[in-house]
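# Close look at the chain arrangement
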Amino acid sequence: MTFHQSIDTGCREVAEIDRLQRALRNLRHWSTTVATRRSYVDDRGRRLFATAAGLREAAWLDCLHAAYGLFEIDAIHRAWTDAGGRGA
């Protein structure tokens, strides 16, 4: 790729990389929020902590789904078993 060559944003991998990056940023945000709210002791603070923890778990699942799609886990596993991996 040269300096002036444009990136094909219609390419499947570019869209999936972007999705994974956004999911990872979201996970980092909610993980930081959970760490910040962990020390809250009042009722409202504990609810905020619980909400942030739930959103962190959802962000973690988004990351897994994005990575699964990007790295084509099914195709890799199928190729591995076709090659005789783990006793196929």
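A few points on the structure. No experiment lies behind these values; they were computed from the predicted model shown.

### Here we look at the nonpolar core
Grouped together as the largest cluster of nonpolar side chains are nine residues: Ala-23, Leu-27, Trp-30, Val-34, Phe-49, Ala-52, Ala-53, Ala-59 and Cys-63. Of all the secondary-structure elements, those providing two or more residues to this core are helix 1 (12-37) and helix 2 (43-71). With five residues, the top contributor of residues to this core is helix 2. Look past the residues within four positions of Phe-49 in its chain and what remains in contact with it is Val-34, Arg-37 and Arg-38.

### Description of the side chain of Glu-16
Relative to the assigned elements, Glu-16 resides in helix 1. Its relative accessible area of 18% is what places Glu-16 among the buried residues.

### Regarding helix 1
The end-to-end C-alpha separation of helix 1 is 37 Å, in line with the 38 Å expected for 26 residues at 1.5 Å each. Among the residues of helix 1, Glu-16, Leu-20, Ala-23, Leu-27, Trp-30, Thr-33 and Val-34 are the ones counted as buried. In the core, the buried residues of helix 1 are packed alongside helix 2.

### As for helix 2
Here helix 2 is 29 residues long and its end C-alpha atoms lie 42 Å apart, about the 42 Å a rise of 1.5 Å per residue gives. Among all positions in helix 2, only Gly-45, Phe-49, Ala-52, Ala-53, Ala-59, Cys-63, Ala-66 and Leu-70 are buried. Glu-72 lies just past helix 2 and shows a positive phi near 50°.

### Re the packing of helix 1 against helix 2
Running from amino to carboxyl end, helix 1 crosses helix 2 at an angle of 160°, the nearest separation of the two axes being 8 Å. The orientation of helix 1 relative to helix 2 falls into the category roughly antiparallel. In this structure, helix 1 meets helix 2 at a crossing whose hand is left-handed. Grouping the amino acids of the contact of helix 1 with helix 2 by side-chain chemistry returns 19 nonpolar, five polar and eight charged.

Definitions and limits used
- Residues numbered from 1 in each chain as written.
- Predicted model: local features only at pLDDT ≥ 70, side-chain atom pairs only at ≥ 80, totals over all residues.
- Heavy atoms only, no water.
- Core = buried A, V, L, I, M, F, W, Y, C linked by side-chain atoms within 4.5 Å.
- Buried < 20%, exposed > 50% of the residue type's maximum accessible area, 1.4 Å probe, protein only.
- Helix = DSSP H or I, 4+ residues; strand = E, 2+ residues; numbered from the N terminus.
- Contact = heavy atoms within 4.5 Å.
- Expected span 1.5 Å × (residues − 1).
- Axes fitted to C-alpha atoms, helices over the stretch in contact; angles between N-to-C directions.
- Parallel < 35°, antiparallel > 145°, perpendicular 65-115°, else oblique.
- Left-handed = near helix turned anticlockwise from the far one by under 90°.
- Nonpolar A, V, L, I, M, F, W, Y, C, P; charged D, E, K, R; others polar.

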